[in-house]
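Residues per chain, in single letters:
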Amino acid sequence: MIELTIDGTKVRVEKGTSVLEAAKEMGITIPTLCYYPGLSSYGECRVCLVEVVKGKNRSSLEASCAMPVEQGLVIRTNSEKAKKARKLVVELLIASCPTSKTLQDMASNMGINRIRFKIKDRGCILCGRCVRYCKEQMRSGGIGFVGRGTSRRVATAFGVTPAECRNCGGCEWICPVCERACTANNLINGLCGGCQNLAPVETCAICTGCSESVGAHGHTVY
C-alpha cells in the first residue's frame, strides 16, 4: 500500500492507483476531460491538474489522471494555483472548440465569464477519447492521430474508411465536442451565457448572509 496526503488528509491506496482515482476514493471531485473510466489515461487535456508539493516553497502542477501515487506525496487538489491553471486550460480549449456543451458547462462551473484568447473553432480538442475507445474498447484502431503541431488531427489512414471500422458510432458517442451547446450559434465572446451570469454579481454588503444579490438597479435593503 502507498500512503500519501491529499488536501491535508493521509490516505492509503493500492500501488498503481492514479492520484485522480485516489482523490475520487476520498470523495474529492477533480474536473476531467480526456480521462474516461475504462480507457487508458492520456493526460493530454490538463484539465485535471493538481498541485504537487515538493518542499517548503516549491510545487508543480501535474495531470492527476496520468500521475501514479507515490509514497509520501503531498497533493493539493483545490489550491488557488491549481484552480487558476485549470481555468486557463479550459479557456484555451474553448477558444479551440467553443460549441462544445461539455466545455461550456465546465466553464460555467469554474466561474469563467471571459475567454481571453482568440476564438478559432477547430471542431476538436485532440483529447484522444475517440482514438482510445476505438482501439481499446472496440479493438478496431480505425482512427488515430495524424500530422504534427497545429496540423495534428484525428483521422483515418489516408482519409479512407478502413475495413476494421464497424460504423459503431462509438467515436461520436464518447466525444466531448460532438454534443453542441444549446446556444452554439449564439455565443457571446466564445461563451454560451445561457446558464450563467456573464455580468459580475456583487453580494449585498448590507444584508450579508442572505441569498439576494445586487442587481442592475442597485442594492435591495431589508
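Please refer to the structure placed before this passage.
The next thing to look at is the environment of A82. Within the secondary structure, A82 is located in helix 2 (residues 80–96). Through-space distance from the C-alpha of A82 to that of V47 is 9.6 Å; in sequence the pair is 35 residues apart. Not counting the four nearest positions on each side in its chain, A82 is found in contact with L49, V50, E51, L61, R76 and T77.

Attention now moves to the packing of aromatic side chains. Here the structure, examined in full by the defined rule, presents three aromatic pairs. When the ring of Y36 is compared with that of W173, the centres are 6.2 Å apart and the planes differ by 75°; the resulting orientation is edge-to-face. In this pair, Y36 is assigned in the loop between helix 1 (19–25) and strand 3 (49–53) and W173 in helix 5 (residues 170–173), connecting sequence segments 137 residues apart. In this structure Y36 comes out as partly exposed when scored by relative accessible area, which is 27%. The ring centre of F145 lies 4.0 Å from the NZ or CZ of R152, which sits over that ring.

To continue, consider the pairing of strand 3. By the criterion of burial, strand 3 is predominantly enclosed, with four of the five residues buried. Strand direction decides the pairing type here: strand 3 and strand 4 (residues 59–63), joined by five bridges, are antiparallel. Pairing of V50 across the sheet is with E62, part of strand 4. Counted between consecutive antiparallel strands, the loop separating strand 3 from strand 4 contains five residues, among which G55 sits at a positive phi close to 155°. The pairing of strand 3 with strand 5 (residues 74–76) spans two bridges and is classified as antiparallel. Bridge pairing links V52 to I75 in strand 5.

Conventions we followed
- Residues numbered from 1 in each chain as written.
- Predicted model: local features only at pLDDT ≥ 70, side-chain atom pairs only at ≥ 80, totals over all residues.
- Heavy atoms only, no water.
- Helix = DSSP H or I, 4+ residues; strand = E, 2+ residues; numbered from the N terminus.
- Contact = heavy atoms within 4.5 Å.
- Phe/Tyr/Trp six-rings, centres within 6.5 Å; stacked < 30°, edge-to-face > 60°.
- Buried < 20%, exposed > 50% of the residue type's maximum accessible area, 1.4 Å probe, protein only.
- Lys NZ or Arg CZ within 6 Å of the ring centre and 35° of its normal.
- Pairing = 2+ DSSP bridges.

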